[in-house]
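Tertiary structure, described
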Amino acid sequence: MALVPCQVLRVAILLSYCSILCNYKAIEMPSHQTYGGSWKFLTFIDLVIQAVFFGICVLTDLSSLLTRGSGNQEQERQLRKLISLRDWMLAVLAFPVGVFVVTVFWTIYAYDREMIYPKLLDNFIPGWLNHGMHTTVLPFILIEMRTSHHQYPSRSSGLAAICTFSVGYILWVCWVHHVTGMWVYPFLEHIGSGARIIFFGSTTILMNFLYLLGEVLNSYVWDTQRSMEEEKGKPKLE
C-alpha cells in the first residue's frame, strides 16, 4: 500500500505536464511559426523530456503491479528493462536538463528578463504556464528522486550521454541561426562570437556538473535512508 501514493503522484505529475504542453502548443506566437517551431527552445524540449520520463514512470508502476506475484520470467525481464530505461532517463536527461532550465532561466531573468523572456511574452503566456515550464520542473524531479531509488549508469557513459545532448542542442541552435539569421535567445544577439563560444562551453560544463550533482544527491538520499532503516532495525540496549 505504501507504493500507492507514489503511483498517484506520478500520474498527477504526468497529467500536469500533458496539460502544460497542450496549453503551450495552443498559444499562437510568432516564434512558433518560424523555422524549428517550438523545438528550438530548450524549455519545450525539457517539457517533452519530463512528460516522457513520467510516462515511463507510470508505465513502470503499472507493469510492476501487473507482474507482482505472477512468476512470469518474461514479464519480469521486460519490467527490469523499463526500470533501467526510467533510471537512465532521470540520470542523463530529466534531472540535469530540468535543473539546468530552471537555474539558467531564473538567473538570467533576475539579471535582465528581456535577455531571456521579454515582457512582450506576458501577452501570450500566462504566469501559471510560465511557472509550469520554468519552476515546477525542479520540485517534481526532486520528489521523484526522493520517492524512488534510481540506479545511475557508469559515470563515463552518463557524462558522454549528457555531453552529446548538450553539444547536439548547441549545434541545433547554431543551425537555426544559420538558416534564419536570428538567435533563438535574445541575449545571444548582444554578445560577440567569442563570448558565445565561452557561454556554450560553460553550459556544457554546467550540464556535466548537474549530472554529477544528481548522482551525488541520489546516493546521499538513499544511503541516508538505508542508514536510518538499519538504525531502526538494531535492538535497543536496555
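Residues numbered from 1 in each chain as written. Predicted model: local features only at pLDDT ≥ 70, side-chain atom pairs only at ≥ 80, totals over all residues. Heavy atoms only, no water.

The number of helices and strands found in the chain is seven helices and zero strands. Overall, the chain shows an N-to-C arrangement of helices and strands of α-α-α-α-α-α-α. The burial tally for the chain puts 42% of its 238 residues in the buried class. Residue pairs at least 24 apart in sequence account for 79% of intrachain contacts in the chain once pairs closer than 6 positions are excluded. About 13200 Å² of surface is accessible on the chain, with carbon and sulfur atoms providing 68% of the total. Side-chain charges in the chain split into 17 positive and 17 negative, and the spacing between the mean points of these groups amounts to 3 Å. (Helix = DSSP H or I, 4+ residues; strand = E, 2+ residues; numbered from the N terminus. Buried < 20%, exposed > 50% of the residue type's maximum accessible area, 1.4 Å probe, protein only. Contact = heavy atoms within 4.5 Å. Areas by Shrake-Rupley, 256 points an atom, 1.4 Å probe, with all protein chains shown as cover. Lys, Arg positive; Asp, Glu negative; His and termini not counted. Charge placed at Lys NZ, Arg CZ, Asp CG, Glu CD.)

Right, let's talk about the nonpolar core for a bit. Judged by nonpolar contacts, the single largest core of 62 residues is most densely connected at Tyr-17, Leu-42, Val-97, Phe-165 and Tyr-185. Elements with a contribution of two residues or more to this core: α1 (3-26), α2 (42-67), α3 (73-112), α4 (127-134), α5 (137-147), α6 (155-180) and α7 (193-233). Residue contributions to this core peak at 16 residues, all from α3. Not counting the four nearest positions on each side in its chain, Val-97 is found in contact with Leu-42, Asp-46, Ile-49, Ile-162, Phe-165 and Met-207. (Core = buried A, V, L, I, M, F, W, Y, C linked by side-chain atoms within 4.5 Å.)

With that settled, the discussion passes to the UniProt feature "transmembrane region" (unreviewed entry) in the chain. When the UniProt feature table is mapped onto this chain numbering, "transmembrane region" (unreviewed entry) sits at residues 42-67, 88-108, 128-145, 157-178 and 198-222. With 100% helix and 0% strand, the stretch residues 88-108 has end C-alpha atoms that lie 29 Å from each other. Along residues 198-222 the backbone is 100% helical and 0% strand, and the end-to-end C-alpha distance reaches 36 Å. (UniProt positions renumbered as here; feature names shortened; annotations may be inferred.)

What follows is about the pattern of salt bridges. Tallying each qualifying case throughout the model produces five salt bridges. Its salt-bridge partner being Arg-113, residue Asp-122 comes within 3.1 Å of it at the nearest N-O pair. Given a relative accessible area of 17%, Arg-113 falls into the buried group. Among the ionic pairs, Arg-155 bridges to Glu-215, the shortest N-O distance being 2.6 Å. In this pair, Arg-155 sits in helix α6 while Glu-215 sits in helix α7, placing the two residues 60 residues apart along the sequence. (Salt bridge = Lys/Arg side-chain N within 4 Å of Asp/Glu carboxyl O.)

What follows is about α5. When we look at burial in α5, the residues that qualify are Val-137, Phe-140, Ile-141, Glu-144 and Met-145. In an axial view of α5, the angular spread of the buried residues amounts to 135 degrees, which keeps them on one side of the axis. (Arc of directions from axis to C-beta.)

Moving on, we come to the side chain of Thr-203. Following the sequence through the fold, Thr-203 ends up in helix α7. On the basis of relative accessibility, which here comes to 13%, the residue Thr-203 falls in the buried class. Non-local contacts of Thr-203, meaning those with residues more than four positions away in its chain, are made with Phe-100 and Ile-170.

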